[in-house]
Amino acid sequence: MTEPDPVRLDSLEPEDLDGHTIDELADYLDAGMQPADPSIDQSPACQNALAAIVRLRQSSLGSLEAAAEREAPADESWISGVLANISLEARAGRDVPLRPAAPTERPVMTEGAIRSLVRTAGDAVPDALIARCTLEGDVTELGAPVRIVVEIAVRAGSQIQRVASAIREAGAEVLATETDLFVESVDVVVRDLLPPSDGEHGHDAEEDRA
C-alpha cells in the first residue's frame, strides 16, 4: 500500500483530526496503539478515522495485494483516494439539527458523524467497500430535503444491483434511526470493482449508478 496522494492530503488541516494526520493514525494502528496517546484515544474525529482505516484494511487489503500484481498504479491510486476521503469525512463539517425534546434545547449532530454512520453501515454489507459519502442539500435546516450519495467499490462476480440495494437500504435505515434528516434519496454509485475473492480476474472497472 502506498502513501496517500500528497496533492489531496495537502488540502487537509491537522486540526480536522485534532492535530494528527491520517499517516500518524495509520502508524498508531500499526504499533498496536501503544504507547497509548490520549490525544488520539479521546478524540472522536480520530476514533472515526481509525475505525474507517480498520474497516478499509479488513475489507480490501488482500484484494488490493492481488490486484497490485496486475494493475498496481490504478489500485494504489484508488486506495489512496479512499484514505484521503476518510480524512475528509472525519471533519466535523456542518452542524445538523436534531428535533429538540424541549424548547430550550438545540441538539445537533455533526456532518462528519453522519458520514461515519453511513460508512459503518455500508461497510457491513458483504462484497462492498465504501469509497466516499457526501450529503447534498441544506442539512443545517431541519426538514429540508437532503440527498445522500454513497460511492462504492463492488467485488467482481457479485450481483451489483443486489449489493447497491443493500447499501442503499443500510444507509437509509441508519439515517432514519439515528438522525432527523429528511432524506429525499440515497443514491449509490459504483466507482470500481474489487478483484474476486477466489483470485480469478474480474471485469474491467466500471461506473454504474444504481
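Below you will find a few notes about this structure. Keep in mind it's a predicted model, so treat the numbers as computed, not measured.

### Section: the overall build of the chain
Right, on to step 1. The secondary structure content of the chain amounts to six helices and six strands.
Right, on to step 2. What you see in the chain, going N to C, is helices and strands ordered as α-α-α-α-β-β-α-β-β-α-β-β.
Right, on to step 3. The 210 residues of the chain split such that 43% are buried.
Right, on to step 4. In the chain, the proportion of contacts linking residues at least 24 apart, taken out of those at least 6 apart, comes to 61%.
Right, on to step 5. For the chain, the accessible area works out to roughly 10700 Å², and carbon and sulfur atoms hold 50% of it.

### What about helix α2 (residues 22-30)?
Right, on to step 1. Taken residue by residue, α2 has Ile-22, Leu-25, Ala-26, Tyr-28 and Leu-29 as its buried positions. In an axial view of α2, the angular spread of the buried residues amounts to 155°, which keeps them on one side of the axis. Opposite the packed face of α2, turned more than 90 degrees from it, sit the exposed residues Asp-27 and Asp-30.

### Describing the packing of helix α5 (residues 111-123) against helix α6 (residues 160-178)
Relative placement of two packed helices is described by the angle separating their axes and the distance separating the axes.
Right, on to step 1. Where α5 meets α6, the axes come as close as 8 Å, and the angle between the chain directions of the two elements is 140°. Here α6 runs oblique to α5, going by the angle between their axes. Considering how the two elements wind past one another, α5 and α6 form a crossing that is right-handed. Across the interface between the two elements, Ile-114, Leu-117, Val-118, Ala-121 and Gly-122 of α5 pack against Ile-167, Ala-170, Val-174, Leu-175 and Glu-178 of α6.
Right, on to step 2. Split into classes, the residues belonging to the contact of α5 with α6 amount to eight nonpolar, one polar and one charged.

### Side note on the pairing of strand β4 (residues 145-155)
Right, on to step 1. The element β4 is largely enclosed, with a buried count of nine among its 11 residues.
Right, on to step 2. Note that strand β3 (residues 128-136) and β4 share eight bridges and pair antiparallel. Of the residues in β4, the one forming a bridge with Leu-129 is Ala-153.
Right, on to step 3. As judged from the 11 bridges shared by β4 and strand β5 (residues 182-194), these two strands associate in the parallel manner. By the bridge assignment, Val-146 is partnered in β5 with Val-183.
Right, on to step 4. With α6 bridging β4 and the parallel β5, this β-α-β connection has right-handed handedness.

### As for the nonpolar core
Right, on to step 1. Residues Leu-135, Ile-148, Val-150, Ile-152, Ile-167, Leu-175 and Leu-181 are the most contacted members of the largest nonpolar core, which totals 28 residues.
Right, on to step 2. Going through the elements one at a time, α5, β3, β4, α6 and β5 are the ones with two or more residues in this core.
Right, on to step 3. The biggest single contributor to this core is α6, with seven residues.
Right, on to step 4. When near neighbours in sequence (up to four residues on either side) are disregarded, Ile-167 contacts Gly-122, Val-125, Ala-128, Ile-130, Val-150, Ile-152 and Val-188.
Right, on to step 5. The next biggest cluster of nonpolar side chains, apart from the first, holds 11 residues, and it includes Ile-22, Ile-40, Ala-45 and Ala-49.

Rules and cut-offs
- Note that residues are indexed from 1 along each chain, following the sequence as it is written.
- The model is predicted, so local features are restricted to residues of pLDDT at least 70 and side-chain atom pairs to those at 80 or more, both for listing and for counting; the totals for chains, interfaces and linings are taken over all residues.
- As a convention, hydrogens and water are excluded, and side-chain values are obtained from all of the structure's heavy atoms.
- Every helix listed is a DSSP run of H or I at least four residues long, and every strand listed is a run of E at least two residues long, numbered separately from the N terminus.
- Note on classification: 1.4 Å probe, protein chains only; a residue is buried when its accessible area is under 20% of the maximum for its type, exposed when over 50%, partly exposed between these limits.
- Should any heavy atoms of two residues lie within 4.5 Å, those residues are considered in contact.
- Where accessible areas are quoted, they stem from the Shrake-Rupley method and a 1.4 Å probe; at the residue level, only the protein chains shown are allowed to cover.
- Here the arc refers to the set of directions running from the helix axis out to each C-beta atom.
- With axes taken as lines fitted to C-alpha atoms, and helix axes fitted only over the stretch in contact, angles between N-to-C directions fall between 0 and 180 degrees.
- Working definition: roughly parallel below 35 degrees, roughly antiparallel above 145 degrees, roughly perpendicular at 65 to 115 degrees, and oblique for all remaining angles.
- Each crossing gets its handedness from the near helix: less than a right angle anticlockwise from the far helix is left-handed, clockwise is right-handed.
- Think of it as three bins: nonpolar holds Ala, Val, Leu, Ile, Met, Phe, Trp, Tyr, Cys and Pro, charged holds Asp, Glu, Lys and Arg, and polar takes everything else, Gly as well.
- Being paired, for any two strands, means DSSP has found at least two bridges between them.
- With strands facing away from the observer, any crossover in which the path from the first strand over the helix to the second runs clockwise is taken as right-handed.
- To form a nonpolar core, buried Ala, Val, Leu, Ile, Met, Phe, Trp, Tyr and Cys residues must be joined to one another through side-chain atoms within 4.5 Å.

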